[in-house]
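# Architecture and fold: a report
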Amino acid sequence: MAEAEYNVSVPRLNSLLELDPYLKPFEKDFQRRYGLFEKQLTLLEEAEGGFDQFTRSYKSYGVHRMPDNSLVFKEWAPAAEALFLTGDFNGWDNFSHPYAKKDFGKWELHIPPKEDKTPAVTHNSKLKVVVHTRMGERLYRISPWAKYVTRHEKSVIYDWVHWDPPQPYIHKHPRPQKPRSLRIYESHVGIASPEGKVASYSNFTHNVLPRIKDLGYNCIQLMAIMEHAYYASFGYQVTSFFAASSRYGTPEELKELIDVAHSLGIIVLLDVVHSHASKNTEDGLNSFDGSDSCFFHSGPRGEHSLWDSRLFNYSGWEVLRFLLSNLRWWMEEYRFDGFRFDGVTSMLYHHHGIGSGFSGDYAEYFGLHVDEDSIVYLMLANHILHTLYQDCITIAEDVSGMPTLCRPVQEGGLGFDFRLAMAIPDKWIQILKEFKDEDWNMGNIVHTMSNRRYGEKCIAYAESHDQALVGDKTLAFWLMDKDMYTNMSALIPMNSVIDRGIQLHKMMRLLTHGLGGEGYLNFMGNEFGHPEWLDFPRVGNNESYHYARRQFNLVDMDHLRYRQLYAFDRDMNRTEDKYGWLAAPPAYISAKHEGDKVIVFERANVIFIFNFHPTNSYSNYRVAVGPPGKYKIKLDSDEIHYGGHGRLDHNTEFFTEPMEFSNLPNSMLVYIPCRTAIVLVNEEIDYCY
């Protein structure tokens, strides 16, 4: 590494070091990273006229119809000997339409319009690239830039389908403003129906979006949209990066889904997979030009041993073109509002996080085991997205705790807006598996909820799709298990298992919502205590869809208690929307009492009180308060219509006394029933946040 790159000036590095002086010994690492980032930006300016043009490469690669209806095809296949186009349009002739070889491994083909001036390749017709290798092989490939691929029912291989509809979908609604508090509904289109089949974009638009709006979520995170040949991969083994999955419908139907979400004031994030790619060759990126490199590293560096997938060469010019243009494509063509980047831990380190426990020692985050090509790619991606789209949101899925992941690029950070607080769901599962209720450690729970890097925002969640996968189960099923099959009727008294499960389900979610981060995430269906687990059709379960669906019908039955959990989740989100605790600084925790099993904290001038004790209720329990005045109950997990016991009188007014308690100037006496959480607000404060 050239010495000059150590002396690069990182514009706001001093701000970062003031925030965390323990990063000072790694100043040279930040300078080197920023130097590499700056160098790439300069090269983009010199070679491509800047990143704006470079990231619009989807307008020239793949296939494009010109104003005169001629078609231009363009690919990058550096190891190929020759390229041909074949398909329905030429009777699958493998030699009639050769590409011309250009510089830097690029290939181009121009096809004039037919005699009647219509395009030679019609909308919805099939195509393939025929690649001739230097070894004399003839390979059939899908363009990496393909916008639509489909699979015939009896085939295992996907086909490239030319998508050029006569009436493309026109977006009607502007993007909503970026919300101050992010409440995310993590969704999978294919399982978004009670029916045992792959559900559609159209079903999601008409049947699921109204529920999400009603529940008070202002953001949807869509999984498994980028095309993936293997449904059971949950969308994480991507085969076509520019194609929206055809198993749910057409690209136009996905555009409508996003447009309707925007009309409801809901933003939509794409779960983007740039950490690896499927090993598929005939319908994937792997070995596109016949070599083991092309978009990937060759040899062991290009393979992920645990995921059995290919790893991108982030220093490759054409790889950067492909991936950065891919982000731009989803923002421009479909009007997504940002991204949740999957598998970031795997990208950050040469060891991909395999066999690494991450103790939090800063030396784990700097040095030769860190993949700086990946880091520079992520810095570029965030810089470009946030420069072009002021309200774009990016979220990193990182389990390692990499410092500066969510600090601005100008400080030497990676530029993400949020990271997922992945320790929180693990803690809840551990507690439910290993401890009796009376042995729950309040201090340990609070530590897990509040242990995050100052100045780096987190998305908190009690459970996501990960926790519900086969081999595990939803929190509701951990809590209530087989009783959910027979005892969820509100027409019969709750037995002790259902009573405990319903109360704790609400409390765990509210505690995570209030204390765990600067955003909140819920996986679809879990808000109402979805039973069982997730399992996609595969050979091992006789291709069954039984566990690959969401039983929204359970909420629609008046006599089932799922409706009560749904109502609590809805009112929890609506209460946050009014008082804005997610947008506020971290909470002040005034009590974590092990014997009483009580947690009390204050955030955004809202008082949260939790009594996790299975049997003890407390009258005249003193809690610390900041602002003096009169407080009233705004959310109460014990309300009858939330499946509670209705032990609190909501007309009660709680008056503070100027009695210092837990280092706060005021305090008040409250009644907190066992297994109950309450939210109190000050009637004398204007909460317009």
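Conventions used here
Residues numbered from 1 in each chain as written. Predicted model: local features only at pLDDT ≥ 70, side-chain atom pairs only at ≥ 80, totals over all residues. Heavy atoms only, no water. Core = buried A, V, L, I, M, F, W, Y, C linked by side-chain atoms within 4.5 Å. Buried < 20%, exposed > 50% of the residue type's maximum accessible area, 1.4 Å probe, protein only. UniProt positions renumbered as here; feature names shortened; annotations may be inferred. Helix = DSSP H or I, 4+ residues; strand = E, 2+ residues; numbered from the N terminus. Contact = heavy atoms within 4.5 Å. Patch = residues over 30% accessible without salt bridge, like charges linked within 9 Å, V, L, I, M, F, W, Y side chains within 5 Å. Areas by Shrake-Rupley, 256 points an atom, 1.4 Å probe, with all protein chains shown as cover. Salt bridge = Lys/Arg side-chain N within 4 Å of Asp/Glu carboxyl O. Phe/Tyr/Trp six-rings, centres within 6.5 Å; stacked < 30°, edge-to-face > 60°. Pairing = 2+ DSSP bridges. Axes fitted to C-alpha atoms, helices over the stretch in contact; angles between N-to-C directions. Parallel < 35°, antiparallel > 145°, perpendicular 65-115°, else oblique. Nonpolar A, V, L, I, M, F, W, Y, C, P; charged D, E, K, R; others polar. Expected span 1.5 Å × (residues − 1).

### Things to note about the nonpolar core
- Phe 73, Phe 204, Leu 254, Trp 330 and Trp 428 are the most contacted members of the largest nonpolar core, which has 188 residues in total.
- Formed by 18 residues, the second largest nonpolar core is a distinct cluster that contains Val 598, Tyr 618, Ile 633 and Leu 680.

### Describing the UniProt feature "active site" (unreviewed entry) in the chain
- When the UniProt feature table is mapped onto this chain, "active site" (unreviewed entry) is found at Asp 342 and Glu 397. In summary, the annotated positions, though distributed over 56 residues, converge in three dimensions, the widest C-alpha pair being only 5.5 Å.
- When you line up the elements, Asp 342 lands in the loop between strand E17 (338-341) and helix H7 (344-348).
- What makes Asp 342 buried here is its relative accessible area of 7%.
- Residues in contact with Asp 342, not counting those within four places in the same chain, are Tyr 236, Asp 271, Val 272, Val 273, Ser 275 and Glu 397.
- Here Glu 397 is to be found in the loop between strand E18 (393-396) and strand E19 (418-420).
- With a relative accessible area of 13%, Glu 397 lands in the buried category.
- Those residues in contact with Glu 397 that sit more than four places away from it in its chain are Arg 340, Phe 341, Asp 342, Gly 343, Val 344, Thr 345, Leu 420, Met 422 and Asp 466.

### Considerations on the environment of Val 260
- Positionally, Val 260 belongs in helix H5 (residues 251-263).
- With 187 residues separating them along the chain, Val 260 and His 447 place their C-alpha atoms 40 Å apart.
- With sequence-adjacent residues up to four places away left out, Val 260 is seen in contact with Thr 205 and Leu 209.

### Describing a nonpolar patch on the surface
- A contiguous nonpolar patch, built from Leu 306, Trp 307 and Ile 354 and spanning about 280 Å² of accessible area, is present on the exposed surface.
- One can find Trp 307 in the loop between strand E15 (303-304) and strand E16 (309-310).
- With relative accessibility at 31%, the residue Trp 307 sits in the partly exposed group.

### Focus: the packing of aromatic side chains
- Evaluated as defined, the whole model comprises 45 aromatic pairs.
- Centre to centre, the rings of Phe 296 and Phe 312 are 5.1 Å apart; their planes meet at 35 degrees, and the pair counts as tilted. On the criterion of sequence distance, the pair formed by Phe 296 in the loop between strand E14 (267-272) and E15 and Phe 312 in the loop between E16 and helix H6 (317-333) is long-range, its members being 16 residues apart.
- Under the relative-accessibility criterion, Phe 312 is labelled buried at 1%.
- Aromatic pair Phe 477 and Trp 533: ring centres 6.0 Å apart, planes at 65 degrees, arrangement edge-to-face. Of the two residues, Phe 477 sits in helix H12 (residues 475-480) while Trp 533 sits in the loop between strand E21 (519-523) and helix H15 (562-579), which places them 56 residues apart along the sequence.
- Relative accessible area serves as the criterion here: at 4%, Phe 477 is assigned to the buried category.

### Brief notes about the pairing of strand E23 (residues 598-603)
- The buried fraction of E23 is high, at six of six residues.
- Burial along E23 is two-sided: the face carrying Val 598, Val 600 and Glu 602 and the face carrying Ile 599, Phe 601 and Arg 603 are both buried.
- When strand E22 (residues 588-593) meets E23, the two strands line up antiparallel, connected through five bridges. Within E23, the position partnered with Tyr 588 by the bridge is Glu 602.
- In terms of strand pairing, E23 meets strand E24 (residues 606-611) through six bridges, oriented antiparallel. Considered in E24, the bridge of Val 600 is made with Ile 609.
- What sits between E23 and E24 in their antiparallel hairpin is a turn of two residues, with Ala 604 showing a positive phi close to 55 degrees.

### Description of the sheet that holds strand E5 (residues 106-111)
- Judged by pairing direction, the sheet is antiparallel, and its four strands sit side by side in the order E1-E2-E5-E4 without closing on themselves. The two strands at the open ends of the sheet, each matched to only one other strand, are strand E1 (62-65) and strand E4 (100-101).

### Some remarks on the packing of helix H2 (residues 27-48) against H6
- Relative orientation of the contacting elements H2 and H6 amounts to 90 degrees, with a least axis distance of 13 Å. Taken as axis vectors, H2 and H6 run roughly perpendicular relative to one another. Of the residues in H6, those in contact with Gln 40, Leu 43, Leu 44, Ala 47 and Glu 48 of H2 are Trp 317, Leu 320 and Arg 321.
- Class assignment of the residues belonging to the contact of H2 with H6 gives a composition of five nonpolar, one polar and two charged.

### So, helix H9 (residues 423-434)
- Along its twelve residues, H9 runs 16 Å from first to last C-alpha, staying within 8% of the 16 Å computed at 1.5 Å per residue.
- What H9 keeps buried is the set Ile 424, Pro 425, Lys 427, Trp 428, Ile 429, Ile 431 and Leu 432.

### Examining the sheet that holds strand E10 (residues 182-188)
- Taking strand neighbours around the barrel as the criterion, the eight strands line up as E10-E11-E14-E17-E18-E19-E20-E21 in a closed arrangement whose pairing is parallel. On average, each strand axis in the sheet is inclined to that of its neighbour by 30 degrees, with strand direction left out of account.
- Alignment of E18 against E19, held across two bridges, turns out to be parallel. Among the inter-strand pairings, Ala 396 is bridged to a residue of E19, identified as Arg 419.

### A closer look at the pattern of salt bridges
- Throughout the structure, instances matching the rule amount to 49 salt bridges.
- Note that Glu 372 is salt-bridged to Arg 32, the shortest N-O span being 2.7 Å. Of this pair, Glu 372 sits in helix H8 (residues 372-388) while Arg 32 sits in helix H2, and the two are 340 residues apart along the sequence. Here the two residues Glu 372 and Arg 32 agree in accessibility, since each one is buried.
- The residue Arg 563 makes a salt bridge to Asp 558 at a minimum N-O spacing of 3.2 Å.
- By relative accessible area, which is 61% here, Asp 558 ends up exposed.
- Because the salt bridges share partners, they merge into one network encompassing Asp 20, Asp 398, Arg 419, Arg 453 and Glu 456.

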